[in-house]
Every structure is written in structure tokens, then in C-alpha cells.
Amino acid sequence: HSQSPEGFLAGCHGIVVVMPRGPKSAKGLLLSSVRSKDPVIFLEPKSLYRAAIEDVPDAEYEIPLGKAEILHEGTDVTL
């Protein structure tokens, strides 16, 4: 996957790498990225442009950078 810079960028010290999973997280992460004091690289997967359909709130909200979103919590594996 030489055309995908995610792995390289994630290993670079001093920068925050952000990749949303959908439109709702994209808005919150983008606002957090713009307001962050640290340098942030915001990656947009092309699949989000046409495949993702979500209702995005009009109000401003932030999703904390550096904290994973837990979708399903388990005893052996957490997604």
C-alpha cells in the first residue's frame, strides 16, 4: 500500500493524524483539529464522499483527539 500514507504519518512523532469513520465524526474531528494547538493531519477516506450517509447536527461539537471511540465493548476484544 505504498499509495497510502497513513502508516508512515502515524509513526511520525509530533503530529496528530486524524481519519474520521463517517460524516458525523468528520465534523467533530475537523473542529477539534482546527482548534488544536498541535499540528494535525486530517485524512479523508474517499469512500466517505459517496458511501457514508449520516445525519450531521448543525450545532458545533468536538470529538476529542487521541481518544478512541468505543463501538462495542467486550471482554476479549473491544471495537
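J.: Break down the pattern of salt bridges for me, citing the residues and quoting the values.
T.: Considering all chains together, one arrives at three salt bridges under this definition. Note that Arg21 is salt-bridged to Glu69, the shortest N-O span being 3.0 Å. Linking Arg21 in the loop between strand S1 (16-18) and helix H2 (23-35) with Glu69 in the segment after helix H3 (47-50), this pair joins segments that are 48 residues apart in sequence. For Glu69, a relative accessible area of 48% gives the class partly exposed. A salt bridge links Arg35 to Glu60; the nearest nitrogen and oxygen atoms lie 2.4 Å apart. Taken together, the residues span a long stretch of sequence, with Arg35 in helix H2 and Glu60 in the segment after H3 at a distance of 25 residues. Given the relative accessible area of 59%, Glu60 is considered exposed.

J.: Talk me through H2; I want residue IDs and the actual numbers.
T.: For H2, which comprises 13 residues, the first-to-last C-alpha distance of 19 Å matches the rise-based estimate of 18 Å (1.5 Å per residue) to within 8%. Along H2, the residues that are buried comprise Ser25, Ala26, Gly28, Leu29, Leu31, Ser32 and Ser33. Buried positions along H2 lie against S1 and strand S2 (40-42).

J.: Tell me about the environment of Gly22, residues and numbers included.
T.: Locating Gly22 in the fold gives a position in the loop between S1 and H2. Take Gly22: its relative accessible area is 3%, and that puts it in the buried class. Residues in contact with Gly22, not counting those within four places in the same chain, are Leu48 and Glu54.

J.: Outline the side chain of Ser32, listing residues and values.
T.: Looking at the secondary structure, you find Ser32 in helix H2. Here Ile63 takes part through its backbone oxygen, which lies 2.7 Å from a polar atom of the side chain of Ser32. Excluding anything up to four places from it in sequence, Ser32 contacts Glu62, Ile63, Pro64 and Leu65.

About the cut-offs
Residues numbered from 1 in each chain as written. Predicted model: local features only at pLDDT ≥ 70, side-chain atom pairs only at ≥ 80, totals over all residues. Heavy atoms only, no water. Salt bridge = Lys/Arg side-chain N within 4 Å of Asp/Glu carboxyl O. Helix = DSSP H or I, 4+ residues; strand = E, 2+ residues; numbered from the N terminus. Buried < 20%, exposed > 50% of the residue type's maximum accessible area, 1.4 Å probe, protein only. Expected span 1.5 Å × (residues − 1). Contact = heavy atoms within 4.5 Å. Polar contact = N/O pair within 3.5 Å; in protein donor to acceptor, adjacent residues only side chain to side chain.

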